[in-house]
Amino acid sequence: MFKKFLQGLIFGSGFGIAFVTILIIGIYYIAPTIFRNEFKELEFTNPKEADGVTLQEDQVLKKRNYRFFKGKSTMEIPSGGGILAMTVLPTDKEAERPRTYQIWLTESELWQIRTNSDSPQIEKLPYPKSDPVEFIDKYMDDSIGAFSGISKMTVSMETLSELMHGGDTCRDDHLNGELILTKEGVVFVLPNLFEK
C-alpha cells in the first residue's frame, strides 16, 4: 500500500511539474502575442511635404495624454466637404507633439496624412470602390492595426471656405490641434504641443 502511495506521489509530482511548465510557457510566450496591441509602421510610397502649415508661437501646450476631440461628432460625407479620420501613433518621449496618421475622404478623393513633429506628409490613395465611409475604418485597421483608437469628424464646405481664407473655424474650440488645409485641398489636424 505504501508502494502504491509512493508511485501516486511520484506520478502526481511529475504531472504537477508538467502543468506548471506549460502554464509558465503560456504566460510568458503565448499570452503576450494574443493580447498585444501592435502598431504597424506606415509605408508611404511617394510622400511629399505638405504645404500650408503655419505654426503660431503662442500655441497652447497640451498634456501628453492626447485626444483629438473634446466632444463627439456624427458621420456622413458633407456635400463639398469631407471626413477626417485620425489616430495617434506611438510617439517618442522627447517629441514635442504626438505623431498621427490621418485619412482625408471627400466625395471624390482619398488622401493619407502622417504628422511627425512639425513635418506633415500627404499622399493620394485610390478612391474606394465600396462604401467610402465604411472603407475608412477597415483601411485604418489594416494600415495601423486594430484597436488603434480612431477618431472621425466631418468637415463642411463652410469650414473649408474659412480655412481657405485663413480665418478661425467652428472646429477650433473642439480640437486639440490646428486644422490645416493644404494647396491640394487636403485637410488634416496638426496636433498641439505636449504640455511640459
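Counting restarts for each chain: residues are numbered from 1 in the order of the written sequence. In view of the model being predicted, local features appear only for residues whose pLDDT reaches at least 70, and side-chain atom pairs are presented and counted only at 80 or more, with totals across whole chains, interfaces and linings using the full set of residues. Only hydrogens and water are set aside; all other atoms, that is, all heavy atoms of the structure, feed into the side-chain values.

**Here's the deal with the pairing of strand E5 (residues 121-125)**
Piece 1. Most of E5 is tucked away, with four of its five residues classed as buried.
Piece 2. In short, DSSP must find at least two bridges between two strands for them to pair. Only DSSP runs of H or I with at least four residues qualify as helices, and only runs of E with at least two residues qualify as strands; both kinds are numbered from the N terminus onward. Note that strand E4 (residues 110-115) and E5 share five bridges and pair antiparallel. Within the sheet, the bridge partner assigned to Trp 111 lies in E5 and is Lys 124.
Piece 3. As consecutive antiparallel partners, E4 and E5 are separated by five residues, and within that stretch Ser 117 has a phi angle of approximately 65°, a positive value. When accessible area is computed with a 1.4 Å probe and restricted to protein chains, residues below 20% of their type maximum are described as buried, those above 50% as exposed, and intermediate ones as partly exposed.

**Things to note about helix H3 (residues 157-164)**
Piece 1. Buried within H3 we find Thr 159, Leu 160 and Leu 163. End-on view of H3: buried residues confined to an arc of 100°, all on one side of the axis. Exposed and oriented more than 90 degrees from the buried face of H3 are Glu 158 and Met 164.
Piece 2. It only takes one pair of heavy atoms within 4.5 Å for two residues to be counted as in contact. Each element contacted by the buried residues of H3 is listed here: strand E3 (99-106), strand E6 (151-155), strand E7 (177-181) and strand E8 (187-191). Picture the helix axis, draw a direction to every C-beta atom, and the arc is the one those directions span.

**Thoughts on the pattern of salt bridges**
Piece 1. The salt bridge definition used is simple: a Lys or Arg side-chain nitrogen within 4 Å of an Asp or Glu carboxyl oxygen. If you walk through the whole model with that rule in mind, you get five salt bridges.
Piece 2. Glu 184 is the partner of Lys 48 in a salt bridge, and the nearest nitrogen-oxygen pair spans 2.9 Å. With Lys 48 in strand E1 (residues 48-49) and Glu 184 in the loop between E7 and E8, this pair connects stretches of sequence that are 136 residues apart.
Piece 3. The exposure class assigned to Glu 184 is partly exposed, which follows from its relative accessible area of 24%.
Piece 4. In this structure, the salt-bridge partner of Lys 138 is Asp 142, at a minimum N-O distance of 2.9 Å. Of this pair, Lys 138 and Asp 142 both sit in helix H2 (residues 132-144), four residues apart, roughly one helical turn.
Piece 5. When its relative accessible area of 51% is taken as the criterion, Lys 138 is described as exposed.
Piece 6. You can call Asp 142 partly exposed: its relative accessible area is 44%.

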